[in-house]
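Architecture at a glance
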Amino acid sequence: MAQNRITLDVTDQQYADIDTALTTIENHLAGLTDLTQGERRGLLKMGDKSEAFCRQTLVVLAQNPSVVPPGLNLADAQGDLHHLEQLRIRSARMRKLLGRIDDSEIALGSDVMSAAVNGYHLLKLMGKGSGLAGLRQDISARFARGPRIKGEAAQKTTSPDANAA
């Protein structure tokens, strides 16, 4: 029975438009950083509880500029918070889309695999006298299995002396 989990109707022009849109996104977000694993480990992290603390602190500092030392750039911190909020909105949308893309890749691959396996079985049944045996043999490598050595088979391959001990 044929499997068809997904059917996409996207033209080559639409894929080209998507590539253009992705390039635009990459260009607009050229200032994004790429941290190493070590850098990621060494940074202070702002979790949910910390975020409330940070927001409140920035509000209090903004309301009391006389206590803000010159070395603490409050405007930069406020800008960082704004961009954090903006990126999170886009990140959530992109993660949702990426999840759908991942699932679609799996479904498309499964549809292709299902059709190929069904086609292979047809070749195996119908191709014996029609000159397709050589082609079927070439593609049968997918199902080739090497010798399995487990349990009793593994014991048979050991020397008799090993069993006597």
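Residues numbered from 1 in each chain as written. Predicted model: local features only at pLDDT ≥ 70, side-chain atom pairs only at ≥ 80, totals over all residues. Heavy atoms only, no water.

A word on a nonpolar patch on the surface
A contiguous nonpolar surface patch, about 880 Å² in accessible area, is contributed by Leu8, Val10, Tyr15, Ile18, Leu22, Ile25, Leu29, Leu32, Leu87, Met94 and Leu108. Those elements giving two or more residues to the nonpolar patch turn out to be α1 (12–28) and α4 (74–126). With respect to the helices and strands, Val10 occurs in the segment before α1. (Patch = residues over 30% accessible without salt bridge, like charges linked within 9 Å, V, L, I, M, F, W, Y side chains within 5 Å. Areas by Shrake-Rupley, 256 points an atom, 1.4 Å probe, with all protein chains shown as cover. Salt bridge = Lys/Arg side-chain N within 4 Å of Asp/Glu carboxyl O. Helix = DSSP H or I, 4+ residues; strand = E, 2+ residues; numbered from the N terminus.)

Observations concerning the confidence of the model for the chain
Low-pLDDT stretches of the model should not have their predicted coordinates read in fine detail. Taken over all residues, the pLDDT of the chain has a mean of 87, while the share at 70 or more is 85%. Confidence, read as mean pLDDT per element, is least for helix α7 (residues 160–164) in the chain (48) and greatest for α1 (98). (pLDDT = per-residue confidence, 0-100.)

A look at the environment of Ile106
Looking at where Ile106 falls in the secondary structure, it is placed in helix α4. A relative accessible area of 60% places Ile106 in the exposed class. Sequence spacing of Ile106 and Ile6 is 100 residues, and the spatial spacing of their C-alpha atoms is 9.8 Å. (Buried < 20%, exposed > 50% of the residue type's maximum accessible area, 1.4 Å probe, protein only.)

Some points on the environment of Ala77
Positionally, Ala77 belongs in helix α4. Ala77 sits in the partly exposed class, given a relative accessible area of 27%. C-alpha separation for the pair Ala77 and Arg55, spaced 22 residues apart in sequence, amounts to 9.9 Å.

Here's the deal with α4
Between its terminal C-alpha atoms α4 stretches 76 Å, which fits the 78 Å expected from 53 residues at 1.5 Å a residue. Inspection of α4 places Leu74, Leu81, Ala107, Asp111, Ser114 and Tyr120 among the buried residues, and these make up the whole buried set. Tucked into the core, α4 has its buried residues touching α3 (48–63) and α5 (133–139). Between a side-chain oxygen at the N-terminus of α4 and the backbone nitrogen of Ala75 the separation is 3.3 Å; the capping residue is Asn73. (Expected span 1.5 Å × (residues − 1). Contact = heavy atoms within 4.5 Å. Polar contact = N/O pair within 3.5 Å; in protein donor to acceptor, adjacent residues only side chain to side chain.)

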